[in-house]
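For reference, the chains in residue letters:
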Amino acid sequence: MEKKTLVIGASTNRGRYSNIAINRLRSHDVPTVAIGLKGGEVAGVQIETEKVPFEDIDTVTLYIGPARQPQYYDYIISLHPQRVIFNPGTENPEFYKLLNENGIETEVACTLILLATDQY
């Protein structure tokens, strides 16, 4: 599974879904990079605090609410991912439209469930 994934909203807090997602992505051998408010490391993945121009991103999985997403619109589009996963609580019709206009697939789903059911 070579779907390099960017986790936005990453956290070192083990109780956060973004943290669990990073661990599950790594256990499924998915190349993973991450951005969060605070730096740190989860499962060998460095959490960046800046919008790094990562290369070859297939999937962006969001763990930030709609109110914080606009500051990432241009950044995510500039990465040219194949898809953006909107995890529960991150749904944003305005962003779906913008992504679709730029040829980027949107998926309203839970990354953890997609991984657990081999649908990732």
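Residues numbered from 1 in each chain as written. Predicted model: local features only at pLDDT ≥ 70, side-chain atom pairs only at ≥ 80, totals over all residues. Heavy atoms only, no water.

K.L.:
Describe the side chain of threonine 61, with residues and values.
P.N.:
When you line up the elements, threonine 61 lands in strand S5 (residues 59–62). Side-chain polar atoms of threonine 61 contact the side chain of threonine 111, separated by 2.6 Å. (Helix = DSSP H or I, 4+ residues; strand = E, 2+ residues; numbered from the N terminus. Polar contact = N/O pair within 3.5 Å; in protein donor to acceptor, adjacent residues only side chain to side chain.)

K.L.:
Talk me through the pairing of strand S4 (residues 45–48); I want residue IDs and the actual numbers.
P.N.:
The alternating pattern of S4 places Val45 and Ile47 on a buried face and Gln46 and Glu48 on a face that is not buried. Alignment of strand S2 (residues 32–35) against S4, held across two bridges, turns out to be parallel. The residue of S4 that forms the bridge with isoleucine 35 is glutamate 48. Pairing geometry for strand S3 (residues 40–42) and S4, over three bridges, is antiparallel. Bridge pairing in S4 links valine 42 to valine 45. (Buried < 20%, exposed > 50% of the residue type's maximum accessible area, 1.4 Å probe, protein only. Pairing = 2+ DSSP bridges.)

K.L.:
Tell me about unusual backbone geometry, and name the residues and values.
P.N.:
A positive phi angle, near 60 degrees, is found at aspartate 29, a position not held by glycine. Following the sequence through the fold, aspartate 29 ends up in the loop between helix H1 (17–27) and S2. You will see that alanine 43, though not glycine, has its phi angle at about 50 degrees, which is positive. Here alanine 43 lies in the loop between S3 and S4.

K.L.:
Residues and numbers for H1, please.
P.N.:
Among the residues of H1, Ser18, Asn19, Ala21, Ile22 and Leu25 are the ones counted as buried. Angular distribution of buried residues about the axis of H1 spans 160 degrees; they occupy a single face of the element. Across H1 from its buried face, at more than 90 degrees, point the exposed residues Tyr17 and Ser27. Among the structural elements, strand S1 (5–8), S2, S3, S4 and helix H4 (111–116) are those in contact with the buried residues of H1. Taken from the residues just after H1, aspartate 29 is the one with a positive phi, measuring 60 degrees. (Arc of directions from axis to C-beta. Contact = heavy atoms within 4.5 Å.)

K.L.:
Which residues make up the sheet that holds strand S7 (residues 105–108), and what are the values?
P.N.:
Read from one edge to the other, the open sheet built from seven strands follows the order S3-S4-S2-S1-S5-S6-S7, with strand pairing classed as mixed. Each having just a single partner strand, S3 and S7 make up the two edges of the open sheet. Averaged over all pairs of adjacent strands, the angle between strand axes in this sheet comes to 25 degrees, irrespective of strand direction. Strand direction decides the pairing type here: strand S6 (residues 83–86) and S7, joined by four bridges, are parallel. (Axes fitted to C-alpha atoms, helices over the stretch in contact; angles between N-to-C directions.)

K.L.:
Please set out the side chain of threonine 111 residue by residue, giving values where relevant.
P.N.:
Along the chain, the position of threonine 111 falls in helix H4. A relative accessible area of 0% means that threonine 111 is categorised as buried. Residues in contact with threonine 111, not counting those within four places in the same chain, are Leu25, Thr61, Tyr63, Ile85, Asn87 and Tyr120.

K.L.:
An account of helix H3 (residues 93–101) is needed here, citing residue identities and associated values.
P.N.:
Turning to H3, its buried residues are Phe95, Tyr96 and Leu99. For H3, the angular spread of the buried residues around the axis is 105 degrees, confining them to a single face. Looking at H3, the residues exposed on the side facing more than 90 degrees away from the buried face are Pro93, Glu94, Lys97 and Glu101. Against the buried residues of H3 lie S5, helix H2 (73–78), S6 and S7. One or two steps after H3, the chain reaches glycine 103, where phi turns positive at roughly 75 degrees.

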